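# Structural overview for review
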Amino acid sequence: MEIKYKIKEVKPNIFAVIIKDSYDRAMTFCRGQEYYESPNKKFRGKDFSMWDYMKWYSSEYGRGFSYGTDWGGFNIPFDIVWKCYQSNEMETPYDETMWEILGEIDGKMNINKKAYIIGADSLDSDTFTHEVCHGLWYTNAAYKKEAMFIVKAIDPNHYKIFKDNLLEMGYTDGVIDDEIQAYLTTDFAYEKFGKGVELEKRKKYHQAFKTTLNDFLK
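Quick look at the structure, then. (Residues numbered from 1 in each chain as written. Predicted model: local features only at pLDDT ≥ 70, side-chain atom pairs only at ≥ 80, totals over all residues. Heavy atoms only, no water.)

### Here's the deal with the packing of aromatic side chains
- Per the stated rule, a full pass over the model turns up 27 aromatic pairs.
- Centre to centre, the rings of Y183 and F193 are 4.9 Å apart; their planes meet at 10 degrees, and the pair counts as stacked. Here F193 lies in helix α10 (residues 191–194) and Y183 lies in helix α9 (residues 176–186), a separation of 10 residues in the sequence.
- With a relative accessible area of 0%, F193 lands in the buried category.
- Cluster of aromatic residues (ring-pair linked, three or more members): F29, F43, F48, Y53, W56, Y57, Y61, F65, Y67 and F74.
- Against the face of F48 rests R31, its NZ or CZ located 5.3 Å from the ring centre.
- One residue, K114, lies across the ring of Y138, its end atom 4.6 Å from the ring centre. (Phe/Tyr/Trp six-rings, centres within 6.5 Å; stacked < 30°, edge-to-face > 60°. Helix = DSSP H or I, 4+ residues; strand = E, 2+ residues; numbered from the N terminus. Buried < 20%, exposed > 50% of the residue type's maximum accessible area, 1.4 Å probe, protein only. Lys NZ or Arg CZ within 6 Å of the ring centre and 35° of its normal.)

Okay, here's the thing in structure tokens:
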């Protein structure tokens, strides 16, 4: 089984892994992503079997194992996914592919800096831009400071709504601020994220975040 991918360093120490096939992309990132931020503590930061994860996911969301269609973009700190594959068994061809990807990135990254891996369908999609926001949040202190300034200026009632929506979508408390800045930069109109906050209000937040992002993409 061959999973086709391309790797490009899109900003310093932010590596985009482009996999056009949405199912292959999701399954290649699944283990590392869930090791990083699964809402289930049985899997987050743990050595786990993919078969156990697939069974839990199918039961938890009641629609079979729909991971491949539920999630389109991915983002993981390099050191986290590296640690994941140091402790977990290679159970599938997707595990083998991710291990190969990690080896290629390890040979390119600046070892004195934090690196980040993002997964997307292309280098010019909204999904890609969303994941770049996560990468900058993790690797670029100046970007994070400016984005966090805007996050803290969000109306507290709106912030709570965004947070509750994100938790309902399957995110964890530890990534809420990061997800809010990424969604408001690129996906402010996405109803699962924004329901309960008027679209015009979301658009105003979006304009502030978008301006910040553009400053760091020059």
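### Section: the packing of helix α1 (residues 22–37) against helix α4 (residues 78–87)
- At a minimum axis distance of 9 Å, the contact between α1 and α4 shows a crossing angle of 105 degrees. Looking at the two axes, α1 sits roughly perpendicular to α4. Each of T28, R31, G32, Y35 and Y36 in α1 lies in contact with α4, whose residues at this interface are I80, V81, K83, C84, Y85 and S87.
- Across the contact of α1 with α4, the residue classes break down as six nonpolar, three polar and two charged. (Axes fitted to C-alpha atoms, helices over the stretch in contact; angles between N-to-C directions. Parallel < 35°, antiparallel > 145°, perpendicular 65-115°, else oblique. Contact = heavy atoms within 4.5 Å. Nonpolar A, V, L, I, M, F, W, Y, C, P; charged D, E, K, R; others polar.)

### Let's talk about the pairing of strand β4 (residues 116–120)
- Extensive coverage of β4 is indicated by the burial of five of its five residues.
- The alternating pattern of β4 places Y116, I118 and A120 on one face and I117 and G119 on the opposite face, and all of these are buried.
- Here strand β2 (residues 14–18) runs beside β4; their pairing, made up of five bridges, is parallel. Paired with F15 across the two strands is I117, which belongs to β4.
- As defined by bridge partners, strand β3 (residues 74–77) adjoins β4 across four bridges and the pair is classed as antiparallel. Across the sheet, the residue bridging to N75 is I118, located in β4. (Pairing = 2+ DSSP bridges.)

### Observations concerning the side chain of Q181
- You can see Q181 is positioned in helix α9.
- Of note is the side chain of Q181, whose polar atom sits 3.2 Å from the backbone oxygen of C133.
- Side chain to side chain, Q181 and D178 meet in a polar contact 2.9 Å long.
- When sequence neighbours within four positions are dropped, the list of residues in contact with Q181 reads C133, H134, W137, Y143, A147, V151 and F209. (Polar contact = N/O pair within 3.5 Å; in protein donor to acceptor, adjacent residues only side chain to side chain.)

### Some points on the layout of surface pockets
- Roughly 670 Å³ of volume is contained in the largest pocket.
- What lines the largest pocket is a set of 33 residues, and nearest its centre among them are D70, W71, M169, Y171 and Y183.
- If you list the elements that add at least two residues to the lining of the largest pocket, you get α1, α2 (50–61), α3 (67–70), β3, α6 (126–139), α8 (156–169) and α9.
- Considering every element that reaches the lining of the largest pocket, the biggest residue donor is α6, with five residues.
- In terms of residue class, the lining of the largest pocket is built from 12 nonpolar, 10 polar and 11 charged. (1 Å grid on protein atoms, 1.4 Å probe; cavity = no way out; pocket = protein on both sides within 12 Å on 5 of 7 lines; lining within 4 Å. Points joined across faces, edges and corners; volume = space filled by probe spheres on them.)

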